[in-house]
Amino acid sequence: MTDIFDTHAHYSSHQFDADREDLMQALPESGVVGVLECATHSGDAPQVLALARRYPFVHAALGIHPESLGEEDAPTVAVYHGDWRAELAVLRPMLEDPTVVAVGEIGLDHHWPLPAREQYDLFEAQLQLAAELELPVSVHDREAHAETYELLKKYRPRGVLHCYSGSAEDAAWLVAQGMHLGFGGSSTYKGSKRAAKVLAAIPHEAVVLETDCPYMSPEPVRGRRNDSRNIVHVAAHIGELWGMSAQEVLTLTAANARAVFGV
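Residues numbered from 1 in each chain as written. Predicted model: local features only at pLDDT ≥ 70, side-chain atom pairs only at ≥ 80, totals over all residues. Heavy atoms only, no water.

A. Main features of the overall build of the protein. Along the backbone of the protein there are 10 helices and 8 strands. Relative to a compact globule of 263 residues, whose C-alpha radius of gyration would be 18 Å, the protein shows 17 Å and is just as compact. Principal-axis analysis of the C-alpha atoms gives the protein an extent of 50 × 40 × 35 Å. Accessible surface for the protein amounts to roughly 11000 Å². Of this, 52% is attributable to carbon and sulfur atoms. Of the side chains in the protein, 20 bear a positive and 37 a negative charge, and the two mean positions are spaced by 4 Å. (Helix = DSSP H or I, 4+ residues; strand = E, 2+ residues; numbered from the N terminus. Rg over C-alpha atoms; globule rule 2.2 N^0.38 Å. Areas by Shrake-Rupley, 256 points an atom, 1.4 Å probe, with all protein chains shown as cover. Lys, Arg positive; Asp, Glu negative; His and termini not counted. Charge placed at Lys NZ, Arg CZ, Asp CG, Glu CD.)

Put into structure tokens, the structure is as follows:
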């Protein structure tokens, strides 16, 4: 398979420390043509940039993830003591790096006990920053549809709503205002009827593929560490829904990803 474009990855995760270099060199040999490597705070941003500078197929997204507001070892807490505005000021110059093609991973998460107001304000500030820099966004929305959609309607960014978990009805207006929707391993699980409905309802040009690696491996490799090569299983699953081959899905979604991130 060729034309694998992973629009959401975390190769800077400690889970890749033992074999990161070997894996990154192997990805192009397996058909991977693009990876959006996403930072989650100022702590992993330098490594994200280093990966993007070293490997031509890797592109950087920098942002502060909402979970960083509640993780004791994240710089947002450990260094900035919850003052995300100070952290964002430090992150801001890094966004000028030529390898940066998006602001991300940013968004809202109500699954974990995180400060709701701070999350909202942080997300809004980063949407404003993306607009200022004319960059697309990579958005995290976990059990926070109402507030996420409120801000997306207000700022109308371009970009990707990663691991889309909303309805087909909401997908329609999100796509209409210029967002792309990301689908990964979870869309292949037996209980993913909602994802199938969304994939049947929206234009193929609005779909991009992702891993969220090292997490969320698709069937039939669920439970193992994920990486971009496993997108072929997602493409095969979507191909069955669309009446296309896995390769056709990969080629189409890679073109979609390049259009979103301008690469």
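B. Up close: the pairing of strand 2 (residues 32-38). In terms of burial, strand 2 is largely enclosed, as 6 of its 7 residues are buried. Direction of pairing for strand 1 (residues 4-9) relative to strand 2: parallel, over a ladder of 4 bridges. By the bridge assignment, Ile 4 is partnered in strand 2 with Val 32. Viewed along the sheet, the connection from strand 1 through helix 1 (residues 20-26) into strand 2 turns out right-handed. Here 4 bridges tie strand 2 to strand 3 (residues 58-62), and the two strands are oriented parallel to one another. The residue bridging Cys 38 from the neighbouring strand is Ala 61, located in strand 3. Each parallel crossover has a hand, and for strand 2 linked through helix 2 (residues 45-54) to strand 3 it is right-handed. (Buried < 20%, exposed > 50% of the residue type's maximum accessible area, 1.4 Å probe, protein only. Pairing = 2+ DSSP bridges. Right-handed = clockwise from strand over helix to strand, strands pointing away.)

C. Layout of the pattern of salt bridges. Scanning all chains against the criterion turns up 10 salt bridges. Between Arg 225 and Asp 19 there is a salt bridge; the shortest N-O distance is 2.9 Å. Of the two residues, Arg 225 is situated in the loop between strand 8 (207-209) and helix 9 (231-242) and Asp 19 in the loop between strand 1 and helix 1; the sequence distance between them amounts to 206 residues. In this structure, Asp 227 and Arg 229 form a salt bridge, with 2.9 Å as the shortest nitrogen-oxygen distance. Connected through salt bridges with shared partners, the residues Arg 92, Glu 96 and Glu 132 form a single ionic network. (Salt bridge = Lys/Arg side-chain N within 4 Å of Asp/Glu carboxyl O.)

D. Layout of helix 7 (residues 168-176). All of the buried residues in helix 7 are Ala 168, Ala 171, Leu 174 and Val 175. Down the axis of helix 7, the buried side of the element spans an arc of 115°, and every buried residue falls inside it. Looking at helix 7, the residues exposed on the side facing more than 90 degrees away from the buried face are Glu 169 and Ala 176. Structurally, helix 7 contributes buried residues whose contacts are with helix 6 (145-155), strand 6 (159-161), strand 7 (179-183) and helix 8 (193-201). Count one or two residues on from helix 7 and you reach Gly 178, which has phi positive near 110°. (Arc of directions from axis to C-beta. Contact = heavy atoms within 4.5 Å.)

E. The arrangement of the sheet that holds strand 6 in detail. The sheet built from 8 strands is open, its strands ordered 1-2-3-4-5-6-7-8 with parallel pairing. Among the strands making up the open sheet, the edge pair consists of strand 1 and strand 8. Adjacent strand axes in the sheet meet at a mean angle of 25°, parallel and antiparallel pairs treated alike. The strands touched by helix 6 are strand 4 (100-109), strand 5 (137-142) and strand 6; relative to strand 5, the strand with the most contacts, the crossing angle is about 155°. (Axes fitted to C-alpha atoms, helices over the stretch in contact; angles between N-to-C directions.)

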